[in-house]
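So you can see what is in the structure, the chains are spelled out below.
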Amino acid sequence: MAADPPDVTSDLQPPALAAAGRFLHRRWVHCLAVSAIVLLPCFWQRRIQAGDLASHVYNAWLAQLIERGEAPGLWIARQWNNVLFDLALHALGNSFGLAVAENLTVSAVVLVFFWGAFALASAAARRAAWLVAPCLAMVAYGWTFQMGFFNYYL
């Protein structure tokens, strides 16, 4: 795929979000297809095996029990840092069930990591980094994913 020619009409670089919006507008089908391919490993197993992911799901289940009053003597300790993945898992678990929530939250985190790394590589190369996309997909399922450090990963 050929790279887009640089914008020679202006000496100022466009804002990053505007450039990302134009990129998505022109290549939304490619991005959708790449996202689907990147997410395949999240869905080819019944349960995602990733380090302490099971403990995240267990904590979300316990939080559900506590909220319903079915776990006497337990309470939810409020935290404000390093909990975004857990909060998303809990909220989606309340809406869709924990099995679906697990797939949705892990998929979202993988996509955030992949497309963030793709944006960084593209900015460094000053063109779309399609050649390194397979490597970025492999890194998306690397050590941090396998250890289940999803709050850190996100």
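How each quantity is defined
Residues numbered from 1 in each chain as written. Predicted model: local features only at pLDDT ≥ 70, side-chain atom pairs only at ≥ 80, totals over all residues. Heavy atoms only, no water. Helix = DSSP H or I, 4+ residues; strand = E, 2+ residues; numbered from the N terminus. Expected span 1.5 Å × (residues − 1). Buried < 20%, exposed > 50% of the residue type's maximum accessible area, 1.4 Å probe, protein only. Contact = heavy atoms within 4.5 Å. Phe/Tyr/Trp six-rings, centres within 6.5 Å; stacked < 30°, edge-to-face > 60°. Axes fitted to C-alpha atoms, helices over the stretch in contact; angles between N-to-C directions. Parallel < 35°, antiparallel > 145°, perpendicular 65-115°, else oblique. Left-handed = near helix turned anticlockwise from the far one by under 90°.

1. Details of helix α2 (residues 53–67)
End to end, α2 covers 21 Å across 15 residues, agreeing with the expected 21 Å (1.5 Å per residue, within 8%). Buried within α2 we find L53, H56, V57, A60, L62, A63, Q64 and L65. As for α2, its buried residues are in contact with α3 (84–96), α4 (98–125) and α7 (150–153). The first or second residue beyond α2 is G69, which carries a positive phi of 75°.

2. Considering the packing of aromatic side chains
The geometry of an aromatic ring pair is captured by two quantities: the separation of the ring centres and the angle between the planes. Following the criterion strictly, the structure yields six aromatic pairs and no others. Ring centres of Y58 and W61 lie 5.7 Å apart, and the angle between their planes is 40°; on these two criteria the pair is classed as tilted. Here the residue Y58 and the residue W61 both occupy positions in helix α2, the gap between them amounting to three residues, near one helical turn. Accessibility expressed as a relative area gives 45% for Y58, which makes it partly exposed. Taking 6.5 Å as the distance between ring centres and 85° as the angle between the ring planes, the aromatic pair formed by W115 and W130 counts as edge-to-face. Remark: W130 occurs in the loop between α4 and α5 (133–140) and W115 occurs in helix α4; sequence separation between them is 15 residues. Following the ring pairs from residue to residue traces out a cluster consisting of F114, W115, F118 and W130.

3. Considerations on the packing of α2 against α3
Where α2 meets α3, the axes come as close as 9 Å, and the angle between the chain directions of the two elements is 55°. The orientation of α2 with respect to α3, classified from their angle, is oblique. Relative to α3, α2 is oriented so that their crossing is right-handed. For the pair formed by α2 and α3, the contact residues are L53, H56, V57, A60, A63, Q64 and E67 on the first element and F85, D86, L89, H90, G93 and N94 on the second.

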